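The chain contents come next:
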Amino acid sequence: MKIMEGKVALVTGAASGLGFATAKAFAEAGATVALADWNEKKVQEAADKLIAEGFKTLAIQCDVSDDAQVKSMVDKTVATFGMLDYAYNNAGVQNVLAEAADQTFEDFEKVNNINYRGIWSCMKYELQQMKKQGSGAIVNCSSIGGIRAGAQRGVYHGAKHAVIGITISAAVEYAGRGIRINSISPGLFYTGMAEEMIAGGQKEALEAMTKAVPVGRMGRPEEVASAVIFLCSDAASMIVGHNLVVDGGLTI
């Protein structure tokens, strides 16, 4: 029997990268999966890929910076599948590189609305459903930027630090009610975000960072997916409020 047979999972930022890899991992573990992303066309294509492999999925267009859309996302998932057992709140964006004195209010708002407030909003509505059930597991996506410093990345790093903060706070509140909440901090992974860095003229910086990774390479999205599946599974039943770093040793 697959370890998540009969369960329902929700993944944001699921059209590609870490999100899609995790949605697929949930499906392969036996779960029914709702894939959510701001890009309606791409998230439908992602869901169709899984359907073609025989998995049961639902595609939902959702901008996580919009509270009403987030509520609708959770409502659609529950209305379609009847419950919500697991959630991986993954949607996020990079900031425009700039030192603190030169960062713009517009970029600050954009990054925080998606990377921080978006996760807060997702948790809010996911927890409302999980409270009714008396069970559930949530994994929020932070970053190694949530545990270290980075020049010109203060806006992004600030939001990712905040993700860990709200994760551990909520974890304490709900651990006694059958709901476990943890976060994950990926390091360097080859995703669309890495491609954006290369396109934005940061190829050399990315290569230098990769050389600093003890395992000698960037990670594969499936390696984050495996960690998320573990944190949501019964095998992690005593892991609460933990930030799991998946970075090939980069932050050691």
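Our subject is the structure that appears above.
Since we're looking at a predicted model, the values are computed, not measured.

A look at the pairing of strand β3 (residues 57-61)
And then number 1: Relative to β3, strand β2 (residues 32-37) is paired through five bridges, and the arrangement is parallel. Pairing of Asp-37 across the sheet is with Gln-61, part of β3.

Considerations on the nonpolar core
And then number 1: One finds Met-4, Phe-26, Leu-35, Tyr-88, Ile-184, Val-228 and Cys-232 to be the most contacted residues of the largest nonpolar core, which totals 36 residues.
And then number 2: At the level of secondary structure, the elements contributing two or more residues to this core comprise β1 (8-12), α1 (17-28), β2, α2 (40-52), β4 (86-89), β5 (136-141) and α8 (221-232).
And then number 3: Every residue in contact with Met-4, bar those within four places of it in the chain, is listed here: Phe-26, Ala-29, Gly-30, Ala-31, Tyr-86, Ile-229, Cys-232 and Ser-233.
And then number 4: Formed by 30 residues, the second largest nonpolar core is a distinct cluster that contains Met-73, Val-78, Met-130 and Tyr-174.

Some remarks on the state of the cysteines
And then number 1: By the definition in use, this model includes zero disulfides.
And then number 2: The cysteine Cys-122 is free of any disulfide, with Cys-62 supplying the nearest cysteine sulfur at 6.2 Å.
And then number 3: The class of Cys-122 is buried, set by a relative accessible area of 1%.
And then number 4: For Cys-232, which is in no disulfide, the shortest distance to another cysteine sulfur is to Cys-141 and amounts to 12 Å.

Digging into the packing of helix α3 (residues 67-81) against helix α5 (residues 117-133)
And then number 1: Running from N to C, α3 and α5 point in directions that differ by 35°, and their axes come no closer than 9 Å. The interaxial crossing formed by α3 with α5 has right-handed handedness. Within the contact between the two elements, α3 uses Asp-67, Val-70, Lys-71, Met-73, Val-74 and Val-78 and α5 uses Trp-120, Ser-121, Cys-122, Tyr-125, Glu-126 and Gln-129.
And then number 2: In terms of residue class, the contact of α3 with α5 is built from seven nonpolar, two polar and three charged.

Concerning the sheet that holds β1
And then number 1: One open sheet holds the seven strands; their spatial order is β3-β2-β1-β4-β5-β6-β7, and the pairing between them is parallel. Only two strands of the sheet have a single neighbouring strand rather than two, namely β3 and β7 (243-246). Looking at each pair of strands side by side, their axes are set apart by 15° on average, direction ignored.
And then number 2: Against the sheet, α5 engages β1, β4, β5 and β6 (179-186), with an angle of about 175° to β5.

Structural notes on the pattern of salt bridges
And then number 1: Applying the stated rule across the entire model yields five salt bridges.
And then number 2: Glu-53 serves as the salt-bridge partner of Lys-24, at 3.8 Å between the closest nitrogen and oxygen. Here the residue Lys-24 occupies a position in helix α1, and Glu-53 occupies one in the loop between α2 and β3, the gap between them amounting to 29 residues.
And then number 3: For Lys-24, a relative accessible area of 27% gives the class partly exposed.
And then number 4: For Asp-75, the salt bridge goes to Lys-71, with nearest N and O atoms at 2.9 Å. On the criterion of helical spacing, the pair formed by Asp-75 and Lys-71 is a turn pair, its members being four residues apart in helix α3.

Basis of the calculations
- Residues numbered from 1 in each chain as written.
- Predicted model: local features only at pLDDT ≥ 70, side-chain atom pairs only at ≥ 80, totals over all residues.
- Heavy atoms only, no water.
- Pairing = 2+ DSSP bridges.
- Helix = DSSP H or I, 4+ residues; strand = E, 2+ residues; numbered from the N terminus.
- Core = buried A, V, L, I, M, F, W, Y, C linked by side-chain atoms within 4.5 Å.
- Buried < 20%, exposed > 50% of the residue type's maximum accessible area, 1.4 Å probe, protein only.
- Contact = heavy atoms within 4.5 Å.
- Disulfide = S-S within 2.5 Å.
- Axes fitted to C-alpha atoms, helices over the stretch in contact; angles between N-to-C directions.
- Left-handed = near helix turned anticlockwise from the far one by under 90°.
- Nonpolar A, V, L, I, M, F, W, Y, C, P; charged D, E, K, R; others polar.
- Salt bridge = Lys/Arg side-chain N within 4 Å of Asp/Glu carboxyl O.

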